[in-house]
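Inside the fold
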Amino acid sequence: MDGARTFPLDFLWGSATASYQIEGAAAEDGRTPSIWDTYARTPGRVRNGDTGDIATDHYHRWREDVALMADLGLGAYRFSLAWPRIQPTGRGPVVQKGLDFYRRLVDELLAKGIKPVATLYHWDLPQELEDGGGWPERVTAERFAEYAALAADALGDRVTTWTTLNEPWCSAFLGYGSGVHAPGRTDPVAALRAAHHLNLAHGMAVEALRDRLPTGGQCSVTLNIHHVRPLTDDPADADAVRRIDALANRVFTGPMLQGEYPEDLLKDTATLTDWSFVRDGDLRQINQPLDFLGVNYYTPTLVSEAGGTGSHNSDGHGNSAHSPWPGAQKVAFHQPPGDTTAMGWAVDPSGLYDLLRRLSSDFPRLPLVITENGAAFDDYAGPDGEVNDPGRIAYLRGHLAAVHQAIADGADVRGYFLWSLLDNFEWAHGYSKRFGTVYVDYPTGTRIPKASARWYSQVARTGVLRPE
């Protein structure tokens, strides 16, 4: 970076969290177990036996957390609703105490001048729905549409921007394929069925939201689009890219944004399923107009034809004897070059730039919002009580520069949400990985803004990214 970079005046600056990762209060006010409660309580599933029973206790400390956001000058806050807190069994009437929590949270955000951005689903499926078959079954999509309607009826007068699903790839392929996420199943056909019914749930939910939101309400979905690169120039490696791009990206962007599944995806997986679970009318219902596409990016993906040193366990999503890539047995994954975060993920802002440019080219009339971007590092509070995290500042600086360059080169990027506001329960890693710009001392719950929080605050307040 040679000089300061100024973002558009209306660019939205925010931070993001997810309900199970921060709320705690797992059995309070009518909330029942989600698949992540069950998964975390299963021995051997989560590092150190950690659970989200308490997490960062946001359910009780929400006012303190909103005050932190206001102090940091954030313009928006992306959070998720806990389905089992609102509708414990995934069907039937709502629990008003659960909705009241989100009403209070949203009211406080609005009072502080912070735009609430609500995600309907960030992986905490009510366990009762999983007991009935979970996402591989169509009924779960139908229940999700009913839940979306209930949430919009309760909060639509306060929340104008909604996201249906967060990273459905993880829900389908890590939850039902490799089993490294809840519910921990390892069935490649179930993973493909889950992907379709998550797509269907998205389309049904957008219809429900559109019916209930006031004029100007916005609907979106957030995808963890994989930026896939070939290890070499060999045509076989290019075909490996194609296969993973189909399974990681086009399995969702195809039906959601174009109304069809890619032919190569259907061919690649034909030995597993004939896709007869896709019914007449499904693709039309999935292909709903969106106001923007949420994009989550952390690191690129490097692949080759199988046979070298890579493996499906090198994809950065967690180790399992089972692959999350059905029909891609001939693909190997490799560690990208360069520095890494505490997750072992390569730091490569060019991947974000390339991804934004590709999406802008593929879907030129669809605005983009970075709904997650950030990094885990081994943060600690020093003797002076300060938490210095220069690695995270460098990561954010590089990726924000990539976003700015993409905008300058024609990408319609409207906002950026840093992941994450708080250190939190990092899924199968438990509390061992810290993504927050606010440090959480888990025994006491004390919040300490890290150096990166103060750095990001300056960027968010001014809209200017300055050189180091």
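These figures come from a predicted structure and were not determined experimentally. (Residues numbered from 1 in each chain as written. Predicted model: local features only at pLDDT ≥ 70, side-chain atom pairs only at ≥ 80, totals over all residues. Heavy atoms only, no water.)

**Considerations on the overall build of the protein chain**
The helix and strand inventory of the protein chain stands at 15 helices and 15 strands. Projecting the C-alpha coordinates of the protein chain onto the three principal axes gives extents of approximately 60 × 55 × 45 Å. Taking all 468 residues of the protein chain together, 61% fall into the buried category. Contacts spanning at least 24 positions in sequence make up 78% of the contacts within the protein chain whose residues lie at least 6 apart. For the protein chain, the accessible surface area stands at approximately 17100 Å², while carbon and sulfur atoms represent 49% of it. A gap of 3 Å separates the mean positions of the 43 positive and 59 negative side-chain charges of the protein chain. (Helix = DSSP H or I, 4+ residues; strand = E, 2+ residues; numbered from the N terminus. Buried < 20%, exposed > 50% of the residue type's maximum accessible area, 1.4 Å probe, protein only. Contact = heavy atoms within 4.5 Å. Areas by Shrake-Rupley, 256 points an atom, 1.4 Å probe, with all protein chains shown as cover. Lys, Arg positive; Asp, Glu negative; His and termini not counted. Charge placed at Lys NZ, Arg CZ, Asp CG, Glu CD.)

**Focus on the sheet that holds strand 9 (residues 301-305)**
One open sheet holds the three strands; their spatial order is 7-9-10, and the pairing between them is mixed. Either end of the sheet is taken by a strand with one partner, and the two such strands are strand 7 (228-230) and strand 10 (331-334). Sheet twist, expressed as the average angle between the axes of neighbouring strands with direction ignored, equals 40 degrees. Here strand 7 pairs with strand 9 via three bridges, running parallel. Opposite R229, over in strand 9, you have L302 as the bridge partner. Against the sheet, helix 10 (residues 235-258) engages strand 7, strand 9 and strand 10, with an angle of about 125 degrees to strand 9. (Pairing = 2+ DSSP bridges. Axes fitted to C-alpha atoms, helices over the stretch in contact; angles between N-to-C directions.)

**A word on the UniProt feature "active site" (unreviewed entry) in the protein chain**
Residues given the UniProt feature "active site" (unreviewed entry) here are E372. With respect to the helices and strands, E372 occurs in strand 11 (residues 368-372). If we ignore the near neighbours within four places in the chain, the residues touching E372 are R78, H122, N166, E167, V295, N296, Y297, Y298, F417 and W419. (UniProt positions renumbered as here; feature names shortened; annotations may be inferred.)

**Description of unusual backbone geometry**
Geometrically, the link from A182 to P183 is a cis peptide bond, its omega value of 10 degrees lying close to zero. By secondary structure assignment, the location of P183 is in the loop between helix 8 (168-178) and helix 9 (188-212). With a phi close to 60 degrees, D57 is a non-glycine residue in the positive phi region. As for its placement among the helices and strands, D57 is situated in the loop between helix 2 (35-40) and helix 3 (58-72).

**Things to note about the packing of helix 13 (residues 349-362) against helix 14 (residues 390-408)**
For the pair helix 13 and helix 14, interaxial distance at closest approach is 8 Å and the crossing angle is 25 degrees. With respect to helix 14, the axis of helix 13 lies roughly parallel. Where helix 13 crosses over helix 14, the handedness of that crossing is right-handed. Between helix 13, through P349, L352, Y353, L356 and R357, and helix 14, the contact on the second element is made entirely by G398, H399, A402, V403, Q405 and A406. Taken together, the residues that form the contact of helix 13 with helix 14 break down as seven nonpolar, three polar and one charged. (Parallel < 35°, antiparallel > 145°, perpendicular 65-115°, else oblique. Left-handed = near helix turned anticlockwise from the far one by under 90°. Nonpolar A, V, L, I, M, F, W, Y, C, P; charged D, E, K, R; others polar.)

**Considerations on the packing of helix 8 against helix 10**
Running from N to C, helix 8 and helix 10 cross one another at 130 degrees; their axes reach a closest spacing of 10 Å. When the interaxial angle is binned, helix 8 and helix 10 end up oblique. Like other packed secondary-structure pairs, helix 8 and helix 10 cross with a definite hand, here right-handed. Every residue of helix 10 that contacts helix 8 at P168, W169 and F173 is listed here: L247, A248, V251 and F252. When its residues are assigned to classes, the contact of helix 8 with helix 10 shows seven nonpolar, no polar and no charged.

**Some details on the environment of V295**
With respect to the helices and strands, V295 occurs in strand 8 (residues 292-296). Exposure remark for V295: the relative accessible area of 1% places this residue in the buried category. Spatially, the C-alpha atom of V295 lies 4.8 Å from that of I370, the residues being 75 residues apart in sequence. Discounting residues that sit within four places of it in the chain, V295 has contacts with L223, L355, L359, L368, V369, I370, T371 and E372.

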